[in-house]
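Examination of the molecular architecture
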Amino acid sequence: MSNDAATATAEAGAVPAEPDRPPYGLGASVAPADSRAKTEGTFPYAADLWAEGLLWAAVLRSPHAHARILSVDTSAAAEMPGVRAIVTQADVPGATTHGRRITDRPVFAHDLVRHHGEPIAAVAADHPDTARLAAAAIAVEYELLEPVTDPEKAFGAEPLHPDGNLIRHIPLRFGDPDATGEVIVEGLYRIGRQDPAPIGAEAGLAVPRPDGGVEIYAASTDPHSDRDLVAACLGLEPERVKVVVTGVPGATGDREDSGFQLPLGLLALRTGCPVKLAATREESFLGHAHRHPTLLRYRHHADAEGRLVKVEAQILMDAGAYADSSAESLAAAVAFACGPYVVPHAFVEGWAVRTNNPPSGHVRGEGALQVCAAYEGQMDKLAAKLGLDPAELRMRNVLATGDLLPTGQTVTCPAPVAELLRAVRDFELPGLPKDVPEDEWLLPGGPEGAGEPGAVRRGVGYGLGMVHMLGAEGTDEVSTATVKVQDGTATVICAAVDTGQGFATLARQIVQEVLGVEDVLVAPVDTDQPPAGPAAHGRHTWVSGGAVERAAKMVRTQLLQPMAHKLGMSTELLQIVDGRVTSYDGAFSTSVAEAMAGKELWATAQCRPHPTEPLDADGQGDAFVGLAFCAVRAVVDVDIELGSVRVVELAVAQDVGRVLNPRQLAARIEAGVTQGLGAALTENLRTGGGLVRHPDLTGYALPTALDAPDVRIVKLVEERDVVAPFGAKAASAVPVVTTPAAIASAVRAATGRPVNRLPIRPQSAVTQP
């Protein structure tokens, strides 16, 4: 998509026309293969699974945030008709702890309960109601302990875990600690606990195998990691555990409780029967990881012209009871603490600590979202103190290719931050409400809201955000793919899970582009295939897409070599365009279907990006493979008497590298913006004393279509990253990161209030008593 086309998209409010795009292949708006099934309600999700002789599982979860378990009595539950098995920590045959990165979480709590909803036992029965009643009948005697819920108090509290309360500390030191600026602003910011809130709650089915192993069918986003986790805890070799990925109902991170499949596998082996577990929405809220609540203290130094001199920051992330991905989230927060700005001197201290709060982990844009809200708040304060336009202040400090991050890493990828900011700044503002009849106003609080037009103030704010792509700090990123072609149909075999980001569609497009074969199938994912890694940080577009491209090119060479040999030329002089193989001089031409007739071709390839390194003792190192950037301008209307906020418009300019599927890209950006809107205004999993309040979709306010503003994609910068396959960048995380900061900035502009907390509370936007 050209920049002009992208601008036209914004003005028309729709996906642009694509007169120059092919009907399929890269650059075309190819529809997902499963779109019709999902629309008609026939797509098989994990909750739809069934097997002959099925048993149902239920999990007993702790009603307390912190307690000592004195005894667990399962006798009453075991005597209930229809109950087939009950398992606790004593029944775990292998490793008794697990974790995606650090194995610090017990399969079942057995001595201490460390968070509300922690599993204690699991039951298998012949009916789901029986299983739940039996789980409720298990008698657990607790000694209640005082929960540690304030992460600042975790440093001096008694250890909540044998590994202690501190998960990671990163001190970043860059430049001269004695440097000072002529203008100094300070701020304290708090970011709430956002839940990934997947459309479908966790569900799965475990089936015992004749060899004593087990097959698990679940909506996994990282099947090989799940297989290894299950195998270790069940005391089995990995090859005796198979994870089959069923329909994933959307994911914005590690959508599952990392121990979700363990009770399933254990009960299936204990009973010798298939066992199904479908979590309630409450269990889903209690079990899976959430965005890290974060406390941030900042001090920005600038010269009289508004150019940044030094940034000082302290970042405290609440990991909840267990480590999960907190070390990685903290690294992103510390590394991006200054934002996409040139900062000569930076000194950042970051900590991730254990508490008795709900578990935190990977949610789209982890670490980067929290610091973006804080450093953009600082930029607004600095602009106000200097009397500068907020956009102009940002423009004087933006990062560009060749600049240094505070980690000492040189930005080698395209970094068109100035271009992005300029695009949203110069985009036409929406009309003012005064131009609309009063009875047609969309007031903050809704069409039937109690507000008065005279109390409404409009504000315009900006946000600049950045995220890293792929894993960081030495993560070995690799993916394997196989492409087979037979009878005019290509099949892609790759264990990359399509969580809604569109990888299956992209894989089809890649093969169509390289081989000119229109009919492309993507095989279902299971752990019999080579690993492809987790579905996070845009990995599958880059790493798995790169593997598919390499395999397809190897097949292309197999197809063209015999023809080139017969024609007395190299394969480079033959090209595949619009489904035909043609020589450079046009003397030879045949259809791909004819060239493929009677042949069965296949190839397997890997993609492994260049290595990274861990941050050192001073927070320095080349920790990231690539970066993506975004600018958002928010326009809001605020009722300054009620404190209610309506987001009128969000203008987005994004660094995408290359547009691979225009319609899919627009949908991903709009979805990311909407998730960011939720983090800004409504989404906060509330707790008291470590206990989750209202763990349901009534008490947890997700934004709906009625809350979504006009989203204007004003510019997509297609400056290809030369080290990335196709030159494309991750699309969905960076608008999530940037949108909350832009909305908070706009509310500041409307009210003059500091707005230092997300989600924004009504009292933060009230300017009259």
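Each remark here, short or long, concerns the structure printed above.
The rules we used
Residues numbered from 1 in each chain as written. Predicted model: local features only at pLDDT ≥ 70, side-chain atom pairs only at ≥ 80, totals over all residues. Heavy atoms only, no water. Helix = DSSP H or I, 4+ residues; strand = E, 2+ residues; numbered from the N terminus. Rg over C-alpha atoms; globule rule 2.2 N^0.38 Å. Contact = heavy atoms within 4.5 Å. Areas by Shrake-Rupley, 256 points an atom, 1.4 Å probe, with all protein chains shown as cover. Lys, Arg positive; Asp, Glu negative; His and termini not counted. Charge placed at Lys NZ, Arg CZ, Asp CG, Glu CD. Pairing = 2+ DSSP bridges. Axes fitted to C-alpha atoms, helices over the stretch in contact; angles between N-to-C directions. Expected span 1.5 Å × (residues − 1). Bend = angle between axes of the 7 residues up to and from the residue. Buried < 20%, exposed > 50% of the residue type's maximum accessible area, 1.4 Å probe, protein only.

It is worth spelling out the overall build of the protein at this point. From N to C terminus, the protein includes 17 helices and 31 strands. On C-alpha atoms alone, the protein measures out to a radius of gyration of 27 Å, which is about the 27 Å that the 2.2 N^0.38 rule sets for 769 residues. Taken over the C-alpha atoms alone, the protein extends approximately 85 × 75 × 60 Å along its principal axes. Summarising the internal contacts of the protein: among those between residues at least 6 apart in sequence, 80% fall at separations of at least 24. Carbon and sulfur atoms make up 51% of the accessible area of the protein, which amounts to about 29000 Å² in all. Across the protein, 65 positive and 96 negative side-chain charges occur, with their mean positions spaced 1 Å apart.

Note: strands within a sheet are paired through backbone hydrogen bonds, in either parallel or antiparallel orientation. Across the sheet, which stays open at both edges, the three strands sit in the order β22-β23-β24 with antiparallel pairing between neighbours. Of all the strands in the sheet, just β22 (574-577) and β24 (589-591) have a single pairing partner and so form its edges. Averaged over all adjacent pairs, the angle separating strand axes in this sheet is 20°, with direction ignored. Set on the sheet, helix α13 (residues 539-567) makes contact with β22, β23 (580-583) and β24; between it and β22 the angle comes to about 130°.

Next up on the list: α13. Residue pairs three or four apart in sequence face the same way in an α-helix, which turns once every 3.6 residues. The end-to-end C-alpha separation of α13 is 40 Å, in line with the 42 Å expected for 29 residues at 1.5 Å each. Its maximal kink placed at Leu 560, α13 deviates by approximately 35°, while the proline Pro 562 follows within four residues. Just downstream of α13, Gly 568 is the residue with a positive phi angle, here 70°.

This part is about the pairing of strand β19 (residues 479-486). Judged by how many residues are buried, β19 sits mostly within the fold: six of eight residues are covered. Across eight bridges, the pairing between β19 and strand β25 (residues 600-607) is antiparallel. Bridge pairing links Gln 486 to Glu 600 in β25. Here β19 pairs with strand β20 (residues 489-494) via six bridges, running antiparallel. In the sheet register, Thr 482 faces β20, and the bridge partner there is Ile 493. As consecutive antiparallel partners, β19 and β20 are separated by two residues, and within that stretch Asp 487 has a phi angle of approximately 55°, a positive value.

Note that every value here comes from positions in space, so none of it alone points to a role or purpose.
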